[in-house]
Amino acid sequence: MVVNPTVDGALLSTILIAGGTSLNIIFTETLKKMKFDFKKMTACDEPFYGVVPGKAAYPLGHVCLLVTFGTEQNYRTEYLTFEVADFRSSYHAILGRPMLARFMAILHHTYLIMKMPAPNGILSFYGDIMVSYRCDAESIDLALTSTYAAAASAMVDE
């Protein structure tokens, strides 16, 4: 499901909610567009798996950012820790189980809806199937491009 919360004061339009992952990931391109000061990032040398098929990915570091869902009348704000990944993606960030737990959010993939408690009642967010489709299609194109580039690099190295 793709949603658009505010992260560190910037409204991000394509954030993937992936209830199966145990990480929150934000990409360097997103942070650059947000004019983020990379000196605020803490070092990290632990790899994570499952984002780059068949390979370990090493984050540049960790960063703690304020994430807000909702409107001025009813919203929920929490700090989330993100792994900073330096590779291209069709998403601005990926939010996993740590976000769902912190916000006490419930995700229903079949109906493309996420609900969470807020001070003035329940917040409901609806996914857009066309936005999800476009992001998936772009992700496939990026994966194919990187696969072809890796194969070409391997041929040159031989």
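Up top is the structure these notes are about.
Small disclaimer: the values here were computed from a predicted structure and weren't measured. Each residue is numbered by its place in its chain's sequence as written, counting from 1. Local features in this predicted model are restricted to residues of pLDDT 70 or higher, and side-chain atom pairs are both shown and tallied only at a pLDDT of 80 or more, whereas totals for entire chains, interfaces and linings draw on every residue. Working from all heavy atoms in the structure, the side-chain values ignore hydrogens and water.

Comments concerning the sheet that holds strand β4 (residues 15-17)
Within a sheet, neighbouring strands are paired by backbone hydrogen bonds and run either parallel or antiparallel to one another. Pairing between strands is defined by DSSP: at least two bridges between the two strands are required. Only DSSP runs of H or I with at least four residues qualify as helices, and only runs of E with at least two residues qualify as strands; both kinds are numbered from the N terminus onward. Pairing is mixed in the open sheet, where eight strands are placed in the order β1-β4-β10-β5-β9-β8-β2-β3. The two strands at the open ends of the sheet, each matched to only one other strand, are β1 (2-3) and β3 (10-11). Two elements, strand β8 (residues 61-70) and strand β9 (residues 75-85), share ten bridges in a ladder whose sense is antiparallel. The partner of leucine 65 across the bridge, within β9, is leucine 80.

Notes on the pairing of β9
Pairing of strand β5 (residues 25-27) with β9 involves three bridges; the strand directions are parallel. Paired with phenylalanine 27 across the bridge in β9 is alanine 85. Connecting the antiparallel pair β8 and β9 is a turn made up of four residues.

Things to note about unusual backbone geometry
Its identity is not glycine, yet lysine 35 carries a phi of approximately 60°, on the positive side. Relative to the assigned elements, lysine 35 resides in the loop between α1 (28-33) and β6 (48-49). Phi angles above zero are rare outside glycine, and methionine 104 is one such case at about 55°. With respect to the helices and strands, the residue methionine 104 is situated in the loop between α2 (97-103) and β11 (106-108).

Points about the layout of surface pockets
Grid points spaced at 1 Å and placed over the protein atoms alone form the basis of the search, with a cavity being a set where a 1.4 Å probe fits but cannot get out and a pocket an open set showing protein on both sides within 12 Å along at least five of seven lines. Lining residues have an atom within 4 Å of a point. Grid points are joined across faces, edges and corners, and a volume is the space filled by probe spheres set on the points. A volume near 200 Å³ is recorded for the second largest pocket. Residue lining of the second largest pocket: Thr14, Phe27, Glu29, Thr30, Lys33, Phe87, Arg88, Ser89, Ser90, Tyr91, His92 and Glu138, and that is the complete set. Ranked by residues supplied to the lining of the second largest pocket, first place goes to α1 with three residues.

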